Amino acid sequence: MGHRYLPLTDADRQAMLRAIGVPDVEALFADIPDPVRLKRPLDLEPALTEPELVRELGRLAAKNRTTDALVSFLGAGAYEHTIPAVVDHVLRRSEFYTAYTPYQPELSQGNLQAIFEFQTMVASLTGMEVANASLYDGPTALAEAVLLALRETRRKRVVLSEALHPHARSVVETVVRDLEGVTVDVAPAPGGATDAGALRALASDAAAVVVQTPNFFGVVEPLGAHRQAVAESGATWIVSANPLALGLLRPPGEFGADLVVGDMQPLGIPLSFGGPYAGYLAARMKDVRKLPGRIVGETIDAAGRRGYVLTLQTREQHIRREKATSNITTNQALMALAAAVAMSAFGPRGLRALAEQNVHKTQYALRAIEARTPFRRAYLAPVFNEFVLELGRPADEAVAALLEQGFLAGYPLGSLGEDYRTKLLVAVTEVRTKAEIDAFVEALGRWGR
């Protein structure tokens, strides 16, 4: 008969105290000066019984308004997408969701192979030659790519597109803030797309030039023009890309990108109130030894059997410590697995079809809004599954009004500055039905009138 899980009894405590040779628990704190000790109970609510706690947590959870109850047109970096049922089925296998770092490859072949397949798919999707075993999320993957560029070029300036996600820009600025002499410049994005001329002027002595496609405003950036802008500068060209959009768009690797980063959330990872997600970083083979984090390699053992191992990890913090290329010593293996299973389930044709649905439904929504409401798109450049509307009135008022009608209307851009107060970022993914889009357009039109 197994032991029940119960808190320690007084007899248990006395036995432990006798074993370590102290008379009571108070003696364990004898070295803490009396003036710094707390002489009162912590200011906490009284403890609840288990049933009371379950009810209270349920009450708090019920305050959340989720995409189960609301029709979401909210994106801005995290999207509601189709997740095949097989994803959750695989993730719930105990071999995956209880797995720790696979330091013992002979015991971790399944986990290692899953990571290897993820790397292979990311490299294929981005048009690059190698990808690492995932990072925390898109913004931190970008920060790691920028640090790599600073190390390799030995230059001190980073150029970020104005159309880069503001959270990603903030993460990069935070990471480089205390690096001696490093500065950050911003390339303007008039019309919603990064200005190639400004990019060319700023790239001349830059360590890294960063653009995002589709960018924060939903616009598909002209990567060919940007490649020409940075080609002769010697800067590392970093492209942040939505992996689902790469199911349809020409991959950054074919335009000559040096590093490609992004967040795998659109492929198999639920919204989850903002995380956990999984970042990816893909590169050319010449940079394979410079990548942060881990890479899983495929090999053959002495008996000729295929096997998988962690490789190139000597650059990691736990081995090289302060000489490491990064302090990243983990990867988002479970979330990377979710993305890999989703990509496998969709397959190349399914992924393209999914991306096409995003484009078609977004175009339908745009045409309907411009035909049936007083509102127009703010930028005329091509988009994938997001676009900016000019409302002429504070966008947060539209969001509040439509929330009461059951819609998450989008992301108000007022946080970007006064010029953006009347602009609303709207996302339309494949999960939205024609009826939902029509109802949203009608609600938006009523608010506009």
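Our structure's up above, just so we're on the same page.
What you are looking at is a predicted structure, and each value in this text was computed from that prediction instead of being measured.

## Structural notes on the overall build of the chain
Helix and strand counts for the chain stand at 13 helices and 15 strands. Its C-alpha atoms give the chain principal-axis dimensions of roughly 80 × 55 × 50 Å. Residue burial in the chain is summarised as follows: out of 449 residues, 46% are buried. Side chains of the chain carry 47 positive and 51 negative charges; the gap between the two charge centres is 3 Å.

## Observations regarding the environment of Asp396
Inspection of the secondary structure assignment puts Asp396 in helix H12 (residues 395–403). Using a relative accessible area of 47% as the deciding quantity, one classes Asp396 as partly exposed. Remark: the alpha-carbon pair of Asp396 and Asn132, spanning 264 residues in sequence, is separated by 39 Å.

## Here's the deal with the sheet that holds strand E4 (residues 183–187)
What the 7 strands build is an open sheet, ordered E2-E8-E7-E6-E5-E3-E4; its pairing is mixed. Where the open sheet ends on each side, the last strands, each with one partner, are strand E2 (130–131) and E4. Judged from the 3 bridges that link them, strand E6 (residues 236–241) and strand E7 (residues 259–263) form a sheet pairing that is parallel. Bridge pairing links Ser240 to Val261 in E7. Sitting on the sheet, helix H5 (residues 109–126) touches E2, E7 and strand E8 (279–283), and the angle it makes with E8 is about 65°.

## Here we look at the side chain of Thr362
Position of Thr362 relative to the elements: it lies in helix H11 (residues 333–372). From its side chain, Thr362 meets the backbone oxygen of Asn358 in a polar contact 2.7 Å long. In this view, Thr362 contacts Val383, Phe384, Asn385, Glu386, Phe387 and Val428; residues no more than four positions away in its chain are not counted.

Calculation rules
- Residues numbered from 1 in each chain as written.
- Predicted model: local features only at pLDDT ≥ 70, side-chain atom pairs only at ≥ 80, totals over all residues.
- Heavy atoms only, no water.
- Helix = DSSP H or I, 4+ residues; strand = E, 2+ residues; numbered from the N terminus.
- Buried < 20%, exposed > 50% of the residue type's maximum accessible area, 1.4 Å probe, protein only.
- Lys, Arg positive; Asp, Glu negative; His and termini not counted.
- Charge placed at Lys NZ, Arg CZ, Asp CG, Glu CD.
- Pairing = 2+ DSSP bridges.
- Contact = heavy atoms within 4.5 Å.
- Axes fitted to C-alpha atoms, helices over the stretch in contact; angles between N-to-C directions.
- Polar contact = N/O pair within 3.5 Å; in protein donor to acceptor, adjacent residues only side chain to side chain.

Structural measurements only, silent on function.
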